[in-house]
Amino acid sequence: MLFVYGTLQDPDVLGAVLGRPVDLSRLEAATAPGYRAVFYPGRVYPALIRAPDTAARGLVVADLSPLDLAVLDAFEGDEYRREAIMIRVGGEQLLLDTYLPAIPIASAPDWSLATWTALHKPAVIGQETGTAQALRQRLSARQAGYRHDFVHC
């Protein structure tokens, strides 16, 4: 399972990255206690930073394949690292992976999906869809090559 708090909460973006429609009934609301979503410096998308007495809202995405995670990792790029943090899902605290910024961010303005959707989504959705499709194709071919090599070893 993966906790998403930024543009991956948008079903169009998540579906584009995964290469399939997103079943909204399979996404569960969650929070990251002790974190808040802020603008990644110089970007229109967010980063999680530690912030006591707050909780960043997001969603839990389940049933991700190894290829899904590889595509998500590549999509997030060098600006993020996937790391496990405590997430509140319903009444439970679970240790789940999420994407944290690779650089220290001391302070930045709060980020919201609603603001991103209104101001930035139309301009970036096409680019993100194309990027995700290219990543999936490249990683799928690479995994197929690994399976092929393994069978012949």
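Residues numbered from 1 in each chain as written. Predicted model: local features only at pLDDT ≥ 70, side-chain atom pairs only at ≥ 80, totals over all residues. Heavy atoms only, no water.

**A word on the packing of helix 1 (residues 11-18) against helix 2 (residues 66-76)**
In plain terms, the rule: Note on method: axes are straight lines fitted to C-alpha atoms, helices fitted across the in-contact stretch only, with angles between N-to-C directions ranging 0 to 180 degrees. Runs of E in the DSSP output that reach at least two residues are strands. Runs of H or I that reach at least four are helices, and both are numbered from the N terminus. The scheme is simple: roughly parallel for angles under 35 degrees, roughly antiparallel for over 145, roughly perpendicular for 65 to 115, oblique for anything else. Contacts are residue-level and defined by heavy atoms, with any inter-residue pair within 4.5 Å sufficient. Classification used: nonpolar for Ala, Val, Leu, Ile, Met, Phe, Trp, Tyr, Cys and Pro, charged for Asp, Glu, Lys and Arg, polar for all others including Gly.
Remark: helix 1 packs on helix 2, axes separated minimally by 9 Å, with the N-to-C direction vectors making an angle of 115°. In terms of orientation, helix 1 and helix 2 fall into the roughly perpendicular class. Note on element contacts: helix 2 touches helix 1 through Asp68, Val71, Leu72 and Phe75, opposite Val13, Val17 and Leu18. The residue makeup of the contact of helix 1 with helix 2, split by class, is six nonpolar, no polar and one charged.

**With respect to the packing of aromatic side chains**
Quick reminder of the rule: The criterion for an aromatic pair is that two Phe, Tyr or Trp rings (for Trp, the six-membered ring) have centres within 6.5 Å, with stacked assigned to planes under 30 degrees apart, edge-to-face to planes over 60 apart and tilted to the rest. Buried, partly exposed and exposed residues are distinguished by accessible area as a fraction of the type maximum, computed with a 1.4 Å probe on protein chains only: under 20%, between the cut-offs, and over 50%, respectively.
Counted according to the given criterion, the structure contains four aromatic pairs. Considering the side-chain rings of Phe3 and Tyr5, the 6.3 Å spacing of their centres and the 25° angle between planes classify their relative orientation as stacked. Here Phe3 falls in the buried class, since its relative accessible area comes to 1%. By the ring-pair criterion, three or more aromatic residues cluster together here, those being Tyr40, Tyr45 and Tyr80.

**Observations regarding the nonpolar core**
Here is the rule: Within this scheme, the nonpolar core is defined by two criteria: the residues are buried Ala, Val, Leu, Ile, Met, Phe, Trp, Tyr or Cys, and they are joined through side-chain atoms within 4.5 Å.
Leu8, Val17, Ala32, Leu48, Leu72 and Ile87 are the most contacted members of the largest nonpolar core, which totals 42 residues. At the level of elements, strand 1 (2-4), helix 1, strand 2 (27-39), strand 3 (46-61), helix 2, strand 4 (80-89), strand 5 (92-101) and helix 4 (121-152) are the ones that each hand at least two residues to this core. A per-element tally of this core places strand 3 first, with seven residues.

**Description of the confidence of the model for the chain**
The test is simple: Residue-level confidence of the predictor is summarised by pLDDT, bounded by 0 at the bottom and 100 at the top.
For the chain, mean pLDDT is 89; residues scoring 70 or higher make up 92% of the total. Predicted confidence is poor over residues 146-153, with pLDDT under 50, and the contacts of this stretch with residues over four places away or in other chains come to zero contacts.

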